Amino acid sequence: MAHADWKPAQYITYIVPFAPGGLTDVAARMMAKGIGDKTGWNIVVSNKAGANANLGAAEAARAKPDGTTWLAITMTHAVNKTLFGEKAGYDVEEDFVPVAKIASSAIMVVVPQNSPIKTLQDLIDTAQKKTLNVGSSGTGTPPHIAMALFQDLTGTKMTHVPYKGGAPSMVDLIGGQLDVVFSNYPESLPYVQQGKLRAIAVTSDQRAPAVPDVPTTAEAGLPGLKVDNFTGLLAPKGTDPALVKEISDRVVKVVGDRAISEQLVKLGFIPDPMGSDQFKTYLNEQIQALSKTIKDADIKVN
């Protein structure tokens with residue numbers, strides 16, 4: 001059974017199923033260092049990107065359930081449960097045990113600085129009159145899901161323009177090739193701060209600290225448009241429950257550390273630590289809600 005001074009025989013592999021340098025990767029490395037400093041555990045972050053974040057997840061699912069393999073997940077994995085099904089190569093609910101939620105990140109709705117659209121209601125009114133070109137970071141990504149949910153809630157139809165990542169969509173939005181982008185918050189924030197883009201809403205419960213004047217979607221009159229691009233931690237199914245609790249407690253404690261919390265906020269996260277049981281409930285609710293959005297919008301991947 002796990003106890004407070006448990007240490008892995010060699011090291012812990014913390015699999016990040018995304019490329020180095022991205023938001024999830026940076027957060028995982030921050031957590032690895034924070035936990036390692038406090039416990040003496042040797043935590044090695046391993047990037048296993050590919051197949052819409054399914055490659056690394058499938059590898060983690062096959063790992064020995066001894067506490068020495070962790071998987072960083074995001075909203076993408078909750079989406080992939082429905083989007084890919086068995087083709088994902090794993091089942092995020094059946095093959096893993098939730099360890100902890102770390103933080104959340106909003107989707108920010110942004111338009112060109114010279115756009116006549118100044119509020120979320122303006123966007124709704126405009127989209128009901130004409131078809132808008134809307135960019136996202138790719139089919140099935142959190143920004144695409146946010147766009148699909150917006151259409152469902154407002155009864156509008158937009159032309160989706162998927163990009164290979166968020167950065168190219170920002171360039172085209174600034175250049176006027178797009179009318180609006182439902183963007184990962186950290187990707188559009190610098191352009192909003194520079195005055196190149198206008199943010200009209202964020203899809204979180206709270207306003208974003210870096211842009212306190214931007215209302216939440218609920219404040220802007222569309223409370224159903226809530227998209228939580230979270231990041232959390234899973235372990236392979238069969239991991240000792242006592243060990244899961246030990247790791248979970250460590251993660252939650254580190255997220256609660258003031259210095260770590262402030263760093264997460266600077267990255268564009270809202271710290272939202274959850275223990276194993278709470279995260280399990282949360283993850284299940286996210287999967288169910290996202291499944292409905294995907295099916296209603298008839299989102300499919302090639």
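Caption draft 1: Seen up close, the environment of G224. Within the fold, G224 resides in the loop between β9 (197-202) and β10 (231-236). Sequence-wise, G224 and L149 are 75 residues apart; in three dimensions their C-alpha atoms are separated by 8.3 Å. Dropping the residues within four chain positions of it, G224 is found in contact with L149 and L153.

Caption draft 2: Inspection of the environment of Y163 at higher detail. Considering the arrangement of structural elements, one finds Y163 in the loop between β7 (159-162) and α6 (166-175). Filtering out sequence-adjacent residues up to four positions away, Y163 remains in contact with G135, S136, S137, G138, P168, S169, D172 and L178. Within the structure, Y163 has its side chain in polar contact with the side chain of D172 (distance 2.7 Å).

Caption draft 3: Fine view of the sheet that holds strand β2 (residues 43-47). Read across the open sheet, the six strands follow the order β2-β1-β3-β10-β4-β11; overall the sheet is mixed. Single-partner strands in this sheet number two, and they are β2 and β11 (270-274). Going across the sheet, the axis of each strand differs from the next one's by a mean of 25°, ignoring polarity. Taken together, the four bridges between strand β3 (residues 69-74) and β10 define a ladder with antiparallel strand orientation.

Caption draft 4: Fine view of the sheet that holds strand β5 (residues 107-112). As summarised here, the arrangement of the five strands in space is β7-β6-β8-β5-β9, forming an open sheet in which the pairing is mixed. The open sheet is flanked by β7 and β9, the only strands paired with a single partner. On average, each strand axis in the sheet is tilted by 30° relative to the strand beside it, whichever way the strands run. Here β5 runs beside strand β8 (residues 180-184); their pairing, made up of four bridges, is antiparallel. In the strand pairing of β8, M108 is matched with S183.

Caption draft 5: Molecular detail of the pattern of salt bridges. In this structure the tally under the stated criterion is 14 salt bridges. Measuring nitrogen to oxygen at the nearest pair gives 2.8 Å for the salt bridge that ties D37 to K33. Here K33 and D37 lie together in helix α1 (residues 23-39), a separation of four residues that amounts to about one turn. Taken as a pair, D37 and K33 share a single burial class, namely exposed. Taken together, the shared-partner salt bridges in this structure form one network comprising K81, D91 and E93.

Caption draft 6: Structural context of unusual backbone geometry. Positive phi values are uncommon outside glycine, yet A53 reaches one of about 75°. On the secondary structure map, A53 appears in the loop between β2 and α2 (54-61). Notably, D298 is not glycine yet its phi reads approximately 55°, a positive angle. With respect to the helices and strands, D298 occurs in the segment after α10 (276-297).

Caption draft 7: Region of interest: the packing of aromatic side chains. Evaluation of the coordinates by the stated rule reveals seven aromatic pairs. Geometrically, the ring pair formed by W41 and W70 is edge-to-face, given 6.3 Å between the ring centres and 75° between the ring planes. Within this pair, whereas W41 is found in the loop between α1 and β2, its partner W70 is found in strand β3, the two being separated by 29 residues in sequence. Considered together, W41 and W70 belong to a single accessibility category, that of buried residues. Seen in terms of ring centroids, F279 and Y282 are 6.2 Å apart; in terms of plane orientation they differ by 25°. Their pairing is stacked. A residue pair is termed a helical-turn pair when its members lie 3 or 4 positions apart in one helix, as F279 and Y282 do in helix α10 at three residues. Neither F279 nor Y282 differs from the other in exposure class; each is buried. Each residue in the set Y14, W41 and W70 is aromatic and connected to the rest through ring pairs, giving one cluster.

Rules of the game
- Residues numbered from 1 in each chain as written.
- Predicted model: local features only at pLDDT ≥ 70, side-chain atom pairs only at ≥ 80, totals over all residues.
- Heavy atoms only, no water.
- Helix = DSSP H or I, 4+ residues; strand = E, 2+ residues; numbered from the N terminus.
- Contact = heavy atoms within 4.5 Å.
- Polar contact = N/O pair within 3.5 Å; in protein donor to acceptor, adjacent residues only side chain to side chain.
- Pairing = 2+ DSSP bridges.
- Axes fitted to C-alpha atoms, helices over the stretch in contact; angles between N-to-C directions.
- Salt bridge = Lys/Arg side-chain N within 4 Å of Asp/Glu carboxyl O.
- Buried < 20%, exposed > 50% of the residue type's maximum accessible area, 1.4 Å probe, protein only.
- Phe/Tyr/Trp six-rings, centres within 6.5 Å; stacked < 30°, edge-to-face > 60°.

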